[in-house]
Each structure stands twice: as C-alpha cells, then as structure tokens.
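Structural features, examined
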Amino acid sequence: MRISYKYIGRYKEIAGVLIKYGFGYVIEKLNKDSVASKISTKSPKGDVKVMTTGQRIRCAFEELGPTYIKIGQILSTRKDLFDDEIISELSKLRDDVIPIDNKIAMDILERELACNIDEVFSYVSSEPIAAASIGQVYDATFLDGKEVVVKIQRPEIENTIKADISILKRLAENLDYFNKEWNIDVKEMISELEVQLLRELDYKFEAINGIKLRKIFKNSKDVFIPKIYNDYTTEKILVMDKVNGICLSDIENHQISDDEKKRIVDIGVRSFFRQVMTCGFFHADPHPGNIFIVESSNGINKLAFIDFGMIGIIDEKTLKHLNQMIIASTNKNIDKIIRILTDMNAMPNESNNEVLRRDLLYLIHYYYDIPFDKLSIAEVLNEAFRFMRSHKITLPSQLVLLGKTVITLEGTSRGLYKNFSVETIARSYMRYYREDKMNIKRNMERLKSDVDEYYYDMVTVPGQIKTILGILEKNNLKMDIGEMKSPKLEENIKNFTTQVSMSIMLAACIVGSSLIMASDNIKWSKMIKYVSILGFIISFIIGITLVFLILKNNYHKNSK
C-alpha cells in the first residue's frame, strides 16, 4: 500500500489502535510494504478479548479521537450496513471531550467577528456550557440584552479531519475484502463520510438548515426554531437564540402531567411528518438532548429543536417510492414491493427472487396483524434492515437516514410518554399522505413536471434513434426487418407516437387551462374565462379521441 509519509505518525497510531482492539487482520490485508508490516499483529490482551465486536469498534474510535468519534456517530445511522450490536455501540459515542482553552476560543471568536468581542456582546460565559468533537458552545448576550449561544469551532480540527480522511482513502484502496465479506463499498462509504464531515465543518451549512426549518415552522403555534444570526455566523462560529426551557433529557427532574407529555409527543410526531411529507427536509437527529419544552407567550408549551448539523433531504421521486412501498406492504403485495425496489436500483445484480419473495412474505405476515399498542417501529425497521443486509439490498442513503430518524423519534417519544403507541405515527403519516394527494397545487406542479418530461422525451428520442442508426450504419450492421417477428412494426410505432403526442397535448391543455382558471386576472376578463373553458372542452375531446384510439388498437390486436 502506498502511503503519504506526511502522515507517517498517524498511520502508526491508527495501526496500533486497530491491533490493540483485535483488528490486526485488517492490517494484514494491507500491502506488506506499508508501515503496517513493521507492526506486530498479535492477538489482543486483557479485557479486550471479552469485548464484543461493537464494543471494540467503539473503543477504537474513542481512542483515535474527534474525527473517528464523528465518523462513528455518522455510521450509527447506517442500519443498512451494520448489525444491531455494532449500531448500538456506535450510538453510545458521545462528544464529551476536553474543552479547548478559553483564551484560544475567544481569539477565534474575535478573529471571525473581525472586531473586539465587546463591540458585539456585553457578556460571554467564562466557561463553555458544552464541548464537542468539532466545537464548543458558550452563553452570550448581545449589547441589546438578547440572550444567545455561540458555537466556536476547535482550532486545526479541519486539518485533522482532512488528514484522517486522506489516510482512510489510502487504506480503502486495499480493503476490497470488505466488499466481498460485508457487502460494503468502503471507498463509496468514505466519500460520503468526507462530504458530511466537511459540511459539518462549515457552520454556514448548519445556519442554512436552521433558517430553512425556522421558515417551515414560521407560523406554528406548537414548534419553535431558534433564530440564526447570519451577520455573526461564519465557517468557524455560529450565533443563534438561546433556548430557555426544559431539555427532554432532563425531563425526569420536572413535574409535567401525562396529558401534557402526550400532547408534546403528538406535536413532535406531527412536526416530523410535516417536514418529511410536505417539505422533503427534516431534522435527522431528534434525540432528547436536541429537543426542549418551552413556554410560549400565551402560556402553552411549545416544542423547540436545536442542533441542525444533521439534516435529511428526501426528493419527490424517492418519497413516492416510499409511499408506494408502504401501501404495497399494507396490501401484502410482494411483487409490487420487488418492482419498487428494482425501480429504485436497490436490488443486487444477482438475486434469488424466490428466496427473496419467501423471506419478504414472512416478514410482512409476521408483523401484519400485531395491534398498534404492541407494535414497535424500531423492531419492524431493524428487522427490515436485517432483511436488506441478508439479501444485499441497498436503499438510497436518504431513506436509510429517514428510517434511523423514525427509530430515534419513537425512542424519544416512548422515553417521554410511556403509553406512546405506534398509532400516533401511523395516524400522522396517513394525515399528511391524504393531504398531499388532495393538494391541487402540488398535483398541478407534478402534472406540469410530467408534461415537461414527456416533451423532453419527445424532442430527444428522435435524436437518440438517429444516433443509434448512425452507429449501426458505420458498423455495417444489416437488419432484415422482414425476418423479425413483428410484421407491422412501422404501424405500431406510428400508433404509439400518435398516442404519446395526444397524451402530451391533453396534459398541456389541462395544465394550461387550470393555470388560467387559477389566475387572478380571470376575475376581470370574461375572455380569459372563455379561453380556459375552451381549453377544458378541447382536453375533453382529445381525451375521448385518445381512449377511442387505444380501444381500437386493442380490439385489432385481440381479433388477430
């Protein structure tokens, strides 16, 4: 293995820790010319021998420092890659690290503000209220008396993380073993880790996430998102409103009724599905330490979220696949689930469909008739992730993160309200699913997008066919259409293109007429109203004609 001698000391440190915790076989897999070949790979000693694999991985990450702690926290969301024992241990990784010297932190703050601290703040706490692997947090007060918190990034942490990522990339080149044994593409996984880590190093990304969530809940009576102060936020510092309330991790030390706890849980679940189903953008780390109960001006408690470093984004197409999969599971439609997984490119190239169908059928039937009050989302999803690992099914990372977030949400909800039922989650999901299906504006936007896509295909397909024919001609490939078992190919293509063209015209007329009807100008001009009505009439005629042509073609096919 080729190594960068710039990081020779770090290579030795990583190799030493891996061997200490019983991962010497990884070192042995590396090139014999590497620095690892000079290190003994004897079996681990003492207490390490009795540790589980997950415990040894966790301890190794903790010993390797901030970069690996953060990597472990990210990997704890990948239930599609690792089993429950490893995920459970990685989830225990915490950012409880020794804080940096306050003078160093204040120097960073002053440098990023480009002015003296007392020109912006009347007070900054002498000690951090929290210290994490990437940064630490201080209480502060603006000159106008506004209470805020200031997150300050550790010095040189960016260089440390970039160095560790560089080393991991080098190591990944020689770890194809894991691709075969664990079905893990190490190179791709490290690339994803690099992107996420570098984003977390730029506090402006977290600021954007917080601003977007605040916009989503701008007029909410139930959810509060603290304000981010962009004027004082840079890559290295983040300034936001201080949340004064009861942290859910400290809920046992406060007197809150069960009815109020139930109401807070309902708010949390509803707010989550609003983020996912309506906005496709959600807070992906709703653990108790990131959620507060705060009292609003009218005396009613609200839910407040902090820490916007881990955010999930789910696009319209993936959300559609998810909804279809849930409905297909409800209907026990195994074949449809497999088709959806295939459409998502989640299925491996080689798979035993009969074994897959059998295991999937068993999985659905096992949980289908369990009452809501006895059902655990965490148990269902963990079993689903085990099923995917065994059949080497690879879901989009955004869906895996969504699943992990739902599990965290359920755990937080059960911790707050012991009588929490999965019915709360199911009810919220169905509510936002129905609202989405009945939302005329969103349906019109989807229809417009489909029309644009059909139009693009209509324009580009002839060019693609011409390119293919050109390639065939250059390669002197001769095809005798008469020998093909499609005697009326030309007529079939003509009928198909006619139907596609009419479908596009039909969609265009409906969209255009609907947009005209929705316009405010229709109130002031009868002519505009008549044009929109005419558009609907033309759409009706085209639709009837299209149905007639389809029925006619089907009749001719069946009569032969």
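Residues numbered from 1 in each chain as written. Predicted model: local features only at pLDDT ≥ 70, side-chain atom pairs only at ≥ 80, totals over all residues. Heavy atoms only, no water.

The protein chain is annotated in an unreviewed UniProt entry as Ubiquinone biosynthesis protein of Peptostreptococcus russellii. Under the Sequence similarities (unreviewed entry) heading, UniProt states for the protein chain: "Belongs to the protein kinase superfamily. ADCK protein kinase family." (UniProt positions renumbered as here; feature names shortened; annotations may be inferred.)

**Digging into the pattern of salt bridges**
Scanning the entire structure with this criterion turns up 17 salt bridges. A salt bridge links Glu158 to Lys162; the shortest N-O distance between them is 2.9 Å. Here the residue Glu158 and the residue Lys162 both occupy positions in helix H7 (residues 157-172), the gap between them amounting to 4 residues, near one helical turn. Given a relative accessible area of 25%, Glu158 falls into the partly exposed group. What makes Lys162 partly exposed here is its relative accessible area of 43%. A salt bridge links Arg357 to Asp335; the shortest N-O distance between them is 2.9 Å. (Salt bridge = Lys/Arg side-chain N within 4 Å of Asp/Glu carboxyl O. Helix = DSSP H or I, 4+ residues; strand = E, 2+ residues; numbered from the N terminus. Buried < 20%, exposed > 50% of the residue type's maximum accessible area, 1.4 Å probe, protein only.)

**Focus: the environment of Ala172**
Relative to the assigned elements, Ala172 resides in helix H7. Ala172 sits in the buried class, given a relative accessible area of 3%. When the C-alpha positions of Ala172 and Lys187 are compared, they lie 5.7 Å apart, and in sequence the two are 15 residues distant.

**A look at helix H14 (residues 353-368)**
The end-to-end C-alpha distance of H14, which contains 16 residues, comes to 22 Å, matching closely the 22 Å that a straight helix rising 1.5 Å per residue would cover. All of the buried residues in H14 are Leu356, Leu360, Leu363, Ile364 and Tyr367. Projected down its long axis, H14 carries its buried residues within an arc of 90°, all on one side. Opposite the buried face of H14, by more than 90 degrees, sit the exposed residues Glu354, Arg358 and Tyr362. Among the structural elements, helix H12 (316-330), helix H13 (334-343) and helix H15 (377-390) are those in contact with the buried residues of H14. (Expected span 1.5 Å × (residues − 1). Arc of directions from axis to C-beta. Contact = heavy atoms within 4.5 Å.)

**Examining the confidence of the model for the protein chain**
Mean pLDDT over the protein chain: 79, with 76% of residues reaching 70 or higher. Segment residues 32-41 is flagged for pLDDT under 50; beyond a separation of four residues in sequence, or across chains, it makes 17 contacts in the model. (pLDDT = per-residue confidence, 0-100.)

**Re the sheet that holds strand E5 (residues 223-224)**
Pairing in this open sheet of 4 strands is mixed, and the strands run E5-E10-E9-E7 from one edge to the other. One side of each edge strand has no neighbouring strand; the edge strands of this open sheet are E5 and strand E7 (246-247). Looking at chain direction, strand E9 (residues 291-295) and strand E10 (residues 301-305) are connected through 5 bridges and run antiparallel. Along E10, the bridge assignment pairs Ile293 with Leu303. Each of E5, E9 and E10 touches helix H11 (residues 258-279); the most contacted strand, E10, lies at about 45° to it. (Pairing = 2+ DSSP bridges. Axes fitted to C-alpha atoms, helices over the stretch in contact; angles between N-to-C directions.)

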